[in-house]
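Next come the chains, spelled out residue by residue.
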Amino acid sequence: MTVGEAGVEFRSRLPGVQGYRRQTLADKCRAGEIPAKKIGKEWRILTEWIDQEVRTRLLELDDLVRRQMIVLAQTHPFTTKKKVRSKHWSEETVKAQTKLRILKGS
């Protein structure tokens, strides 16, 4: 899968995720952080790596949402606000997911 296709894959499977733009992925390929080979002018990334990265990010989001729900259950939301920070997920994404999960009752 090319770097551009990988970026589209990340955006489609992980809406709201940060750090997976095409240029960022290309830079990581050049640095050797991603298992990829350069064929012609385009980097080719292993599909297995992308699947593993998606699973890891979803687990990270689950953990962030779980922590946010615990914070909401233990504190009054208007008196204490604790920020949930992540390298890959914005605070707005975590809050939106938390609201969805609270409404679903899971």
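Up top is the structure these notes are about.
Residues numbered from 1 in each chain as written. Predicted model: local features only at pLDDT ≥ 70, side-chain atom pairs only at ≥ 80, totals over all residues. Heavy atoms only, no water.

Asker: Please set out the overall build of the protein residue by residue, giving values where relevant.
Answerer: On a plain count of helices and strands, the protein comes out with 4 helices and 2 strands. Taken from the N to the C terminus, the helices and strands of the protein come in the order α-α-β-β-α-α. Going through the 106 residues of the protein one by one, you find that 31% of them count as buried. Counting only contacts in the protein whose residues sit at least 6 apart along the sequence, the fraction spanning at least 24 positions is 62%. If you sum the accessible surface of the protein, you get close to 7300 Å²; carbon and sulfur atoms cover 54% of it. (Helix = DSSP H or I, 4+ residues; strand = E, 2+ residues; numbered from the N terminus. Buried < 20%, exposed > 50% of the residue type's maximum accessible area, 1.4 Å probe, protein only. Contact = heavy atoms within 4.5 Å. Areas by Shrake-Rupley, 256 points an atom, 1.4 Å probe, with all protein chains shown as cover.)

Asker: An account of the packing of aromatic side chains is requested, with residue identities and associated values reported.
Answerer: Where two aromatic rings form a pair, the distance of their centres and the angle of their planes describe that pair. If you walk through the whole model with that rule in mind, you get 2 aromatic pairs. Their ring planes at 25° and their centres at 4.2 Å tell us that Phe-10 and Tyr-20 sit as a pair that is stacked. One end of the pair, Phe-10, is in helix H1 (residues 3-13); the other, Tyr-20, is in the loop between H1 and helix H2 (22-31), with 10 residues separating them in the sequence. Each member of the pair, Phe-10 together with Tyr-20, is buried. Ring geometry for Phe-10 and Trp-49: centres 6.1 Å apart, planes at 80°, overall edge-to-face. (Phe/Tyr/Trp six-rings, centres within 6.5 Å; stacked < 30°, edge-to-face > 60°.)

Asker: Can you break down the packing of helix H3 (residues 47-74) against helix H4 (residues 91-104) residue by residue, with the values?
Answerer: When two helices pack together, you describe them by how their axes are tilted relative to each other and by the distance separating the axes. Contact geometry for H3 and H4: axes closest at 9 Å, N-to-C directions at 70°. One finds that H3 runs roughly perpendicular with respect to H4. Facing Leu-61, Asp-62, Leu-64, Val-65, Gln-68, Met-69 and Leu-72 of H3, the residues of H4 in contact are Val-94, Gln-97, Thr-98, Arg-101 and Ile-102. Of the residues that constitute the contact of H3 with H4, the class distribution is 7 nonpolar, 3 polar and 2 charged. (Axes fitted to C-alpha atoms, helices over the stretch in contact; angles between N-to-C directions. Parallel < 35°, antiparallel > 145°, perpendicular 65-115°, else oblique. Nonpolar A, V, L, I, M, F, W, Y, C, P; charged D, E, K, R; others polar.)

Asker: Give a description of H3 that names residues and reports values.
Answerer: For H3, built from 28 residues, the straight-helix expectation of 40 Å at 1.5 Å per residue is met to within 8% by its first-to-last C-alpha distance of 41 Å. Buried residues of H3: Trp-49, Ile-50, Glu-53, Val-54, Arg-57, Glu-60, Leu-61, Leu-64, Val-65, Gln-68 and Val-71, and no others. Residues of H3 that are buried sit in contact with H1, H2, strand S2 (42-45) and H4. (Expected span 1.5 Å × (residues − 1).)

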